[in-house]
Amino acid sequence: MFILDTIYFNWNKSSAINPPRRRDGYSAVFLPNKTIVYLGGFGPSGPNGSGPISWLPLDEVYLYDTINSSWEAKKVDGTIPAPRAAFSAVLGPDAQRVIIFGGDTNSTSKNVLYSENALYVLNLNTIKWHSPPTSGKPPSSRAFHRSLTIGKYMVVTFGYGYTRESENDILLLDISNNDEYVWTTKFEPQSLISTPQLPTPQSLSHSNINTTGIAIGTLIGIICGIALTIGSFFLYKQYKNRSEVMPTPGDEITNKYPEETLKERSAVVEKKSWNNFFQ
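Computed from a prediction, not measured in an experiment: that's the story for all the values here.

Peer 1: Hey, could you run me through the sheet that holds strand β12 (residues 119-123) in this one?
Peer 2: Hydrogen bonds between backbone atoms are what pair the strands of a sheet, whose relative direction is either parallel or antiparallel. Across the sheet, five strands lie side by side as β9-β13-β12-β11-β10; this open sheet has mixed pairing. Taken across any chain shown, the strands that pair with only one partner, and hence form the sheet edges, are β9 (77-78) and β10 (88-91). Sheet topology places strand β11 (residues 97-101) next to β12; five bridges connect them, and they run antiparallel. Directly across from F101, in β12, lies its bridge partner L119.

Listed below in structure tokens is the structure:
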């Protein structure tokens, strides 16, 4: 067994103890608890793997813990499927069941499974096999195919053991109801991402009007604020200049300074004020 580190892209050989006997044509399913379950296949028969190469029984499955790198063999009860290899297996939508389909076997004279023996379910909670009730037209069994889950469907693709003139290359099994699976030819896609509601032309028009009104109102408010600030500043400066030039009660400034002198003084004060403003 080899492990590919998909972060650093390094291959490593597993050093886990008690691995299952060597085999091929098996199926493997990755479970939510980071465990891989291995089922069936071709391999040495016999209790110690010393017998001839044969189809391996499904009364025992092997679990590989990817976190702790350890193996565990599990005995399985229930209605045990016939030994098989070159079959497919998927995890059910509820992540509580492994569903297998098809394969070839040594339980029949032509090593081909009959359609009524092709489909089985392994309950991961009870560790028991059972043959699920189905409706619809059951297809012929097939081997060396592939299966995957899309939404509520187990999709079976290609393989051999069926007649293309009478059956499709793609099979659909509705596995949404655990009490009864349904073979169907109708695919109903389920949206995994909700599509946002597109705005209508009317809503876009109202939105544009509201946005324009807000923008205009904001601009007018800014201009008025600036004008009010500048106007207040000049009024304050004008008041300050007048207070410096105009005499206060009791002063005899008109007698003390001639008229020309007052004008010159006023011009000096005004020039000084403008210099302070620009500074």
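Peer 1: I would appreciate a short explanation of the packing of aromatic side chains in the present structure.
Peer 2: To describe a pair of aromatic rings, you give the distance between the ring centres and the angle between the ring planes. The tally for this structure, following the rule as stated, stands at seven aromatic pairs. Their ring planes at 50 degrees and their centres at 4.9 Å tell us that Y64 and W71 sit as a pair that is tilted. By relative accessible area, W71 is classed as buried at 14%. Grouped by ring-pair contacts, the aromatic residues Y26, Y38, Y64 and W71 constitute a single cluster. Lying across the ring of Y162, R142 places its NZ or CZ 3.7 Å from the centre.

Peer 1: Which parts of the structure should I look at to understand the pairing of strand β16 (residues 153-157)?
Peer 2: Put simply, side chains in a regular strand alternate between the two faces of the sheet. A large share of β16 lies buried, amounting to five of its five residues. The alternating pattern of β16 places Y153, V155 and T157 and M154 and V156 on opposite faces, both of which are buried. Here five bridges tie strand β15 (residues 146-150) to β16, and the two strands are oriented antiparallel to one another. Across the sheet, R146 pairs through a bridge with T157, a residue of β16. The antiparallel hairpin formed by β15 and β16 contains two residues in its connecting segment, where G151 sits at a positive phi of about 65 degrees. Strand direction decides the pairing type here: β16 and strand β17 (residues 170-174), joined by five bridges, are antiparallel. Each bridged residue has a counterpart across the sheet, and for V155 the counterpart in β17 is L172.

Peer 1: Looking at this model, I keep getting lost on a nonpolar patch on the surface. Mind explaining?
Peer 2: A surface patch of nonpolar side chains, about 430 Å² in accessible area, is lined by I222, I226, I230, F233 and F234. In this fold, I230 is placed in helix α1 (residues 201-245).

Peer 1: What exactly am I supposed to notice about the pairing of strand β4 (residues 35-39) here?
Peer 2: Among the five residues in β4, five count as buried, and that is most of the element. Pairing of strand β3 (residues 27-30) with β4 involves four bridges; the strand directions are antiparallel. Bridge pairing links F30 to I36 in β4.

Peer 1: Any chance you could explain the pattern of salt bridges here in plain terms?
Peer 2: A side chain with one charge may pair with a side chain of the opposite charge, provided their charged atoms come close. The final tally for this structure, using the stated rule, is seven salt bridges. With its nearest N and O atoms 3.7 Å apart, the salt bridge here joins K74 to E72. On the accessibility criterion, K74 (30% relative accessible area) is partly exposed. Across the salt bridge formed by R97 and D94, the nearest N and O atoms sit 2.4 Å from each other. For R97, a relative accessible area of 18% puts it in the buried group. The network of salt bridges with common partners includes K152, D174, K186 and E188.

Peer 1: Quick question: what am I supposed to make of the sheet that holds strand β7 (residues 60-65) here?
Peer 2: The antiparallel open sheet is built from four strands, whose spatial order is β3-β4-β7-β8. Strand pairing shows two members of the sheet lacking a second neighbour, β3 and β8 (70-75), which therefore form its edges. Between one strand axis and the next, the sheet turns by 25 degrees as a mean value, whatever way the strands run.

Peer 1: Honestly, the side chain of S141 in this entry has me stumped. Any pointers?
Peer 2: Inspection of the secondary structure assignment puts S141 in the loop between β14 (134-135) and β15. Here S141 falls in the buried class, since its relative accessible area comes to 4%. With sequence-adjacent residues up to four places away left out, S141 is seen in contact with F101, G102, G103, L113, Y114, S115, A118 and G161.

Peer 1: Can you walk me through the nonpolar core in this structure?
Peer 2: Generally speaking, soluble globular proteins have nonpolar side chains that are buried together. If you look at the biggest cluster of nonpolar residues, it comprises 16 residues, and the most contacted ones within it are V29, V37, L39, V98, I100, L122 and W129. Sequence-distant contacts of V98, defined by excluding residues within four places in its chain, comprise V29, L31, V37, A89, V90, L91, Y120, V121, L122 and L124.

Peer 1: Just to check I follow, could you spell out the environment of D104 for this structure?
Peer 2: Looking at the element boundaries, D104 is found in the loop between β11 and β12. For the pair D104 and S141, spaced 37 residues apart in sequence, the C-alpha separation works out to 8.8 Å. Among the polar contacts listed, one links the side chain of D104 to the side chain of W55, at a separation of 3.1 Å.

Conventions adopted
- Residues numbered from 1 in each chain as written.
- Predicted model: local features only at pLDDT ≥ 70, side-chain atom pairs only at ≥ 80, totals over all residues.
- Heavy atoms only, no water.
- Pairing = 2+ DSSP bridges.
- Helix = DSSP H or I, 4+ residues; strand = E, 2+ residues; numbered from the N terminus.
- Phe/Tyr/Trp six-rings, centres within 6.5 Å; stacked < 30°, edge-to-face > 60°.
- Buried < 20%, exposed > 50% of the residue type's maximum accessible area, 1.4 Å probe, protein only.
- Lys NZ or Arg CZ within 6 Å of the ring centre and 35° of its normal.
- Patch = residues over 30% accessible without salt bridge, like charges linked within 9 Å, V, L, I, M, F, W, Y side chains within 5 Å.
- Areas by Shrake-Rupley, 256 points an atom, 1.4 Å probe, with all protein chains shown as cover.
- Salt bridge = Lys/Arg side-chain N within 4 Å of Asp/Glu carboxyl O.
- Axes fitted to C-alpha atoms, helices over the stretch in contact; angles between N-to-C directions.
- Contact = heavy atoms within 4.5 Å.
- Core = buried A, V, L, I, M, F, W, Y, C linked by side-chain atoms within 4.5 Å.
- Polar contact = N/O pair within 3.5 Å; in protein donor to acceptor, adjacent residues only side chain to side chain.

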